[in-house]
Amino acid sequence: MKLEHLGRKALALAVLLALPGLATAQEMVNAEAYREALQDKFANPGTMVADRGEILFKAPRGPKNISLEKCDFGLGPGKLEGAYAQLPRYFKDSKKVEDLESRLVTCMTKLQGFSEADVLKKVFGDHTRNESNTDIEAIAMYVAAQSDGIAINPPLKHAKEKEALKVGEALFFTRHGPMDFSCKTCHAEDGKRIRLQELGNYASNKQNAQATMKTWPTYRVSHGMVRTLQSRMWDCNWQMRLPDLAYGSPGSVALISFLSHQAKGAALDLPGMKR
Amino acid sequence: MKFKYPLLLAAVTLAANGAAFADKPVVNTKLKAEIDKIIALSFPAGENQDLSRLKQDDTIQACNQYRDNVPEKMAAAIIERETKNIKYPADGKLMGDWKIGQKYYTMGFAYRIGTVEPDKADKDRGGNCYACHAADPKEVAYGTIGPGLTGYGKLRGASDDIVKYTYDKIYNAQAFTACSQMPRLGHNGILTPEKIAHITAFLVSPDSPVNK
């Protein structure tokens with residue numbers, strides 16, 4: 001009983017002591033120190049997810065018992081270095097513009113023989129249940145990391161690539177859902193914040209778009225796992241109170257096309273690490 | 001050729017000032033059809049997917065067509081239509097309890113659907129107002145997407161007109177500004193009229209921390 005009482009007192013004291021910490025200037029300094037600490041690649045757990053992705057990538061898997069080493073990400077089968085930096089792009093075999101993750105779906109179904117339903121059954125690990133990253137998340141992290149240091153440079157030659165960019169830009173500004181939101185609501189002005197989170201201006205600030213896009217996929221400390229661009233696109237739409245944006249859907253790829261073109265020229269810095 | 005650049009400059013200046021109304025849609029019929037098709041393909045039907053949420057009403061369609069910068073006549077039509085949409089609490093009281101309003105000003109994580117991470121359907125909904133607008137000086141985690149509202153009632157007083165304006169603005173921001181970035185919280189069913197009256201009190205009441 002006495003201990004419990006002491007515990008309460010200690011808690012009250014701790015709360016009192018914590019109050020002066022609410023000073024905002026102090027918080028900003030701390031936030032920057034925190035961000036700086038996240039730059040340490042050797043301390044980035046995303047590298048371990050990429051390592052797991054490499055094992056999965058090279059292992060014979062699926063009904064056809066074949067590895068993903070024959071998968072063409074745009075620079076030729078098995079050529080991974082710099083491939084992610086040039087996505088999304090048009091692929092002749094699927095006749096679609098694909099980002100990294102929709103390309104993985106194509107290869108896992110066409111090459112390895114998985115059914116699409118199986119691949120799409122669970123694409124994101126659930127951080128609220130303390131799960132690990134899914135296989136497709138780990139593979140995406142691995143493939144993306146092979147473009148570390150290479151400038152984002154998605155092609156814009158094929159008519160469908162041009163269309164994806166145009167539609168992606170239009171989608172960015174399309175308001176819908178019960179909140180009347182579009183991406184623009186949060187991401188079209190400099191220096192804005194939602195709650196305490198700084199927001200990037202991806203509509204007209206190239207530096208903002210570059211700083212964000214060069215660090216995806218990223219290890220999200222608050223989720224305790226790697227997050228990919230497909231997850232980020234889904235997340236924004238979910239927060240906008242919309243239905244689930246389907247993994248690898250043409251809308252998600254178009255948005256990623258738009259954002260990738262906005263960020264063109266930035267050297268990828270992978271795996272990223274964010275709060 | 002000679003006139004090309006001065007004209008372009010003039011256009012840029014007007015747009016930057018925000019004074020000019022658009023006269024040509026940014027999204028033409030062809031592009032709209034393309035976007036609609038992509039949206040339909042990207043949000044498939046299924047368990048807990050409420051596709052009716054994707055439906056754009058006349059106002060949002062107009063805003064999308066002109067990327068929120070609608071022509072003057074259309075802006076007037078939006079304001080007229082959205083004003084008519086406003087509904088009031090059954091007891092007619094637009095000034096509720098600021099303490100309850102404080103709760104709903106901050107609360108916001110509900111109403112998310114889908115299968116990945118849905119909220120419980122009956123989870124009590126707040127306005128999540130602080131995510132965009134500062135108000136209570138003790139709240140440090142406020143966002144800055146909308147204007148700060150600290151001292152809102154202190155500045156404006158608590159007259160019937162101010163109370164009604166505040167209620168109406170929260171219920172339907174587009175009754176005042178066509179294509180306002182603020183959600184139409186009452187009209188879209190995020191908040192009930194009673195909750196809006198409580199939030200109104202939180203902003204207007206002299207006893208509320210917003211005005212201390």
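Residues numbered from 1 in each chain as written. Chains lettered and ligands numbered in written order. Predicted model: local features only at pLDDT ≥ 70, side-chain atom pairs only at ≥ 80, totals over all residues.

With that out of the way, let us pick up the overall build of chain B. Regarding its fold elements, chain B presents eight helices and zero strands. The helix and strand sequence of chain B, counted from the amino end, reads α-α-α-α-α-α-α-α. For chain B, buried positions account for 35% of its 212 residues. For chain B, restricting intrachain contacts to residue pairs at least 6 apart in sequence, the fraction spanning at least 24 positions comes to 63%. (Helix = DSSP H or I, 4+ residues; strand = E, 2+ residues; numbered from the N terminus. Buried ≥ 20, exposed ≤ 12 C-beta atoms within 10 Å, placed from the backbone. Contact = placed C-beta atoms within 7 Å.)

Attention now moves to the overall build of chain A. From N to C terminus, chain A includes eleven helices and seven strands. Residue burial in chain A is summarised as follows: out of 275 residues, 46% are buried. By sequence separation, contacts in chain A at least 24 residues apart represent 67% of the contacts at least 6 residues apart.

Listed by partner, the interface residues are 40 residues for chain B and 35 residues for chain A. Counting only elements with at least two residues in the side of chain B that touches chain A, the list comes to α2 (29-42) and α3 (58-65) of chain B. When the residues that make up the side of chain B that touches chain A are grouped by side-chain class, the tally is 22 nonpolar, eleven polar and seven charged. (Nonpolar A, V, L, I, M, F, W, Y, C, P; charged D, E, K, R; others polar.)

In terms of nonpolar packing, the biggest core is built from 70 residues, with Ile139, Met141 and Val143 of chain A touching the most fellow members. Looking at this core, the element that brings in the most residues is helix α6 (residues 135-145) of chain A, giving nine residues. Sequence-distant contacts of Val143 of chain A, that is, excluding residues within four places in its chain, are made with Phe73, Leu80, Tyr84 and Leu100 of chain A. Core analysis: the second largest hydrophobic core is formed by 26 residues, Tyr104, Tyr130, Tyr167 and Ala201 of chain B among them. (Core = buried A, V, L, I, M, F, W, Y, C linked by C-beta atoms within 7 Å.)

Looking now at helix α9 (residues 206-213) of chain A. For α9 of chain A, the set of buried residues is Asn208, Ala209, Gln210, Thr212 and Met213 of chain A. Against α11 (250-262) of chain A lie the buried residues of α9 of chain A.

Attention now moves to the packing of helix α7 (residues 160-171) of chain B against helix α8 (residues 193-204) of chain B. All names here are of chain B. Remark: α7 packs on α8, axes separated minimally by 9 Å, with the N-to-C direction vectors making an angle of 125 degrees. One way to sum up the angle between α7 and α8 is to call them oblique. Here α7 and α8 pass one another in a crossing that is right-handed. Between α7, through Ile162, Val163, Thr166, Tyr167, Ile170 and Tyr171, and α8, the contact on the second element is made entirely by Ile196, Ala197, Ile199, Thr200, Leu203 and Val204. A class-by-class count of the residues in the contact of α7 with α8 yields ten nonpolar, two polar and no charged. (Axes fitted to C-alpha atoms, helices over the stretch in contact; angles between N-to-C directions. Parallel < 35°, antiparallel > 145°, perpendicular 65-115°, else oblique. Left-handed = near helix turned anticlockwise from the far one by under 90°.)

Another point: α6 of chain A. All names here are of chain A. Counting buried residues along α6, ten of its eleven residues qualify, which places the element largely inside the surrounding structure. Here α6 has its buried residues at Ile136, Glu137, Ala138, Ile139, Ala140, Met141, Tyr142, Val143, Ala144 and Ala145. In this structure, the buried residues of α6 make contact with α3 (46-58), α4 (100-111), α5 (116-120) and β6 (225-227).

Our focus in this paragraph is the packing of helix α10 (residues 229-239) of chain A against α11 of chain A. Residue and element names in this part refer to chain A. α11 packs onto α10 with a crossing angle of 105 degrees between their chain directions and a minimal axis gap of 10 Å. As the angle between them shows, α10 and α11 are arranged roughly perpendicular. Judged by residue contacts, Leu229, Gln230 and Met233 of α10 engage Ser252, Leu255 and Ile256 from α11. Among the residues making up the contact of α10 with α11, the classes are represented as four nonpolar, two polar and no charged.

On to the domain arrangement of chain B, then. All names here are of chain B. Here chain B is described as being made up of domain 1 (4-84) and domain 2 (98-211). Summarising the inter-unit geometry, the C-alpha centres of domain 1 and domain 2 are found 25 Å apart. Contacts between domain 1 and domain 2 engage 13 residues on the former and eleven residues on the latter. Contributing elements (two or more residues each) for the side of domain 1 that touches domain 2: α3 and α4 (72-84). (Domains from an automatic or database assignment.)

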